[in-house]
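Spelled out from the first residue to the last, the chains are:
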Amino acid sequence: KNPDFFRGRARVYEARKSFAEAAADWERVLALIGSKPADRLARREARRSFVNMLTRWGAKEAAKRAEWEQKFAAGDLEAGYFLVEYYAKRPKADEPIKTLEALRKRVPDDFELLTDLVKQYRARQRFNQAVAALLELAKAVPSREREVYTQIAEIKTEERKDDEAEKYQLMAVAK
């Protein structure tokens with residue numbers, strides 16, 4: 001009943017390239033980790049490790065992606081999280097932004113999704129959307145305002161809007 005045991009064994013199987021056994025152990029880890037908000041970080045790490053292993057293995061990759069897409073379309077949030085991790089490894093034209101935005105609507109209290117969305121917006125130079133998401137984060141989680149204003153200043157610098165960047169940097173220093 002200890003997910004750490006299965007996590008360690010899955011990593012050993014991965015190192016030995018026994019991917020089928022590793023996949024079974026990662027699925028066991030996910031089954032043992034709870035779904036409470038306190039367990040989000042552990043689930044995220046397990047999902048990321050599972051997807052990394054799956055993309056290295058390649059054998060079941062297409063089948064799993066299709067399964068996750070079908071389940072997410074049916075309303076399964078966990079499948080959406082898997083798709084975000086998968087598309088981070090194997091990006092498509094609108095992905096993972098489309099899945100992140102859909103998940104964000106369904107799980108508005110998961111602010112890690114919002115930070116992932118900001119990273120994707122920045123990578124695709126959608127600066128206005130990134131700033132809007134960051135301002136939403138600052139409003140929802142006031143303890144992260146300094147970090148948010150610093151990121152907005154960096155985005156404004158990338159946009160070459162130095163006056164606005166300076167304004168947000170001053171706001172970050174004030175916090």
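Scroll up to find the structure.
Okay, so let's go over this structure. This one's a predicted model, so the numbers in the text were calculated from it and none came from an experiment. (Residues numbered from 1 in each chain as written. Predicted model: local features only at pLDDT ≥ 70, side-chain atom pairs only at ≥ 80, totals over all residues. Heavy atoms only, no water.)

1. Notes on the overall build of the protein
Now for step 1: From N to C terminus, the protein includes 10 helices and zero strands.
Now for step 2: For the protein, the α and β elements follow one another from N to C terminus as α-α-α-α-α-α-α-α-α-α.
Now for step 3: Once the C-alpha set of the protein is aligned to its principal axes, its extents read approximately 55 × 35 × 30 Å.
Now for step 4: A total of 175 residues make up the protein; the buried ones form 43% of that total.
Now for step 5: In the protein, once contacts between residues fewer than 6 apart in sequence are set aside, the share between residues at least 24 apart is 46%.
Now for step 6: Summing over all exposed atoms, the protein offers an accessible surface of approximately 9900 Å²; the carbon and sulfur share of this is 51%.
Now for step 7: Taken as two groups, the 37 positive and 30 negative side-chain charges of the protein have centres that lie 4 Å from each other. (Helix = DSSP H or I, 4+ residues; strand = E, 2+ residues; numbered from the N terminus. Buried < 20%, exposed > 50% of the residue type's maximum accessible area, 1.4 Å probe, protein only. Contact = heavy atoms within 4.5 Å. Areas by Shrake-Rupley, 256 points an atom, 1.4 Å probe, with all protein chains shown as cover. Lys, Arg positive; Asp, Glu negative; His and termini not counted. Charge placed at Lys NZ, Arg CZ, Asp CG, Glu CD.)

2. What about the packing of helix H9 (residues 145-158) against helix H10 (residues 162-174)?
Now for step 1: Running from amino to carboxyl end, H9 crosses H10 at an angle of 165 degrees, the nearest separation of the two axes being 8 Å. When the axis of H9 is compared with that of H10, the two are roughly antiparallel. Considering how the two elements wind past one another, H9 and H10 form a crossing that is left-handed. Side by side, H9 and H10 meet where Arg 146, Tyr 149, Thr 150, Ile 152, Ala 153, Lys 156 and Thr 157 of the first sit next to Asp 162, Glu 164, Ala 165, Tyr 168, Gln 169, Met 171 and Ala 172 of the second.
Now for step 2: Residue composition of the contact of H9 with H10, by class: seven nonpolar, three polar and four charged. (Axes fitted to C-alpha atoms, helices over the stretch in contact; angles between N-to-C directions. Parallel < 35°, antiparallel > 145°, perpendicular 65-115°, else oblique. Left-handed = near helix turned anticlockwise from the far one by under 90°. Nonpolar A, V, L, I, M, F, W, Y, C, P; charged D, E, K, R; others polar.)

3. Some remarks on the nonpolar core
Burial of nonpolar side chains together is a common tendency in soluble globular proteins.
Now for step 1: The biggest cluster of nonpolar side chains holds 48 residues, and the ones touching the most others in it are Trp 26, Phe 50, Met 53, Trp 68, Leu 103, Val 148 and Ile 152.
Now for step 2: Apart from residues lying up to four places away in sequence, Trp 26 is in contact with Arg 7, Ala 10, Arg 11, Glu 14, Glu 45, Ala 46, Ser 49, Phe 50 and Met 53. (Core = buried A, V, L, I, M, F, W, Y, C linked by side-chain atoms within 4.5 Å.)

4. Describing helix H8 (residues 127-140)
Now for step 1: Spanning 14 residues, H8 covers 20 Å between terminal C-alpha atoms, matching the ideal 20 Å at 1.5 Å per step.
Now for step 2: Restricting attention to buried positions, one finds in H8 the residues Phe 127, Ala 130, Val 131, Ala 133, Leu 134, Leu 137 and Ala 138. The arc enclosing the buried residues of H8, seen along the axis, measures out at 165 degrees, which places them on a common side. Facing away from the buried side of H8 by more than 90 degrees, the exposed set consists of Asn 128 and Lys 139.
Now for step 3: Among the structural elements, helix H7 (111-123) and H9 are those in contact with the buried residues of H8. (Expected span 1.5 Å × (residues − 1). Arc of directions from axis to C-beta.)

5. Looking at the environment of Glu 147
Now for step 1: Within the element layout of this structure, Glu 147 appears in helix H9.
Now for step 2: Taking relative accessible area as the criterion, Glu 147 reaches 32% and is therefore assigned partly exposed.
Now for step 3: C-alpha of Glu 147 to C-alpha of Gln 169: the two residues are 22 residues apart in sequence and 10.0 Å apart in space.

6. Examining the packing of aromatic side chains
Now for step 1: A full pass over the atoms with the stated rule returns eight aromatic pairs.
Now for step 2: With 6.2 Å between their ring centres and 65 degrees between their planes, Phe 50 and Trp 68 make a pair best called edge-to-face. Placement of Phe 50 in helix H3 (residues 40-57) and of Trp 68 in helix H4 (residues 61-73) is noted, with a sequence separation of 18 residues between them.
Now for step 3: Judged by relative accessible area, Trp 68 falls into the buried class, the value being 4%.
Now for step 4: With a centroid separation of 5.6 Å and an interplanar angle of 70 degrees, the aromatic rings of Tyr 86 and Tyr 87 are classed as edge-to-face.
Now for step 5: These aromatic residues form a ring-pair network of at least three members: Phe 50, Trp 68, Phe 82, Tyr 86 and Tyr 87.
Now for step 6: Sitting above the plane of the Phe 72 ring, Arg 106 keeps its charged end 4.3 Å from the centroid. (Phe/Tyr/Trp six-rings, centres within 6.5 Å; stacked < 30°, edge-to-face > 60°. Lys NZ or Arg CZ within 6 Å of the ring centre and 35° of its normal.)

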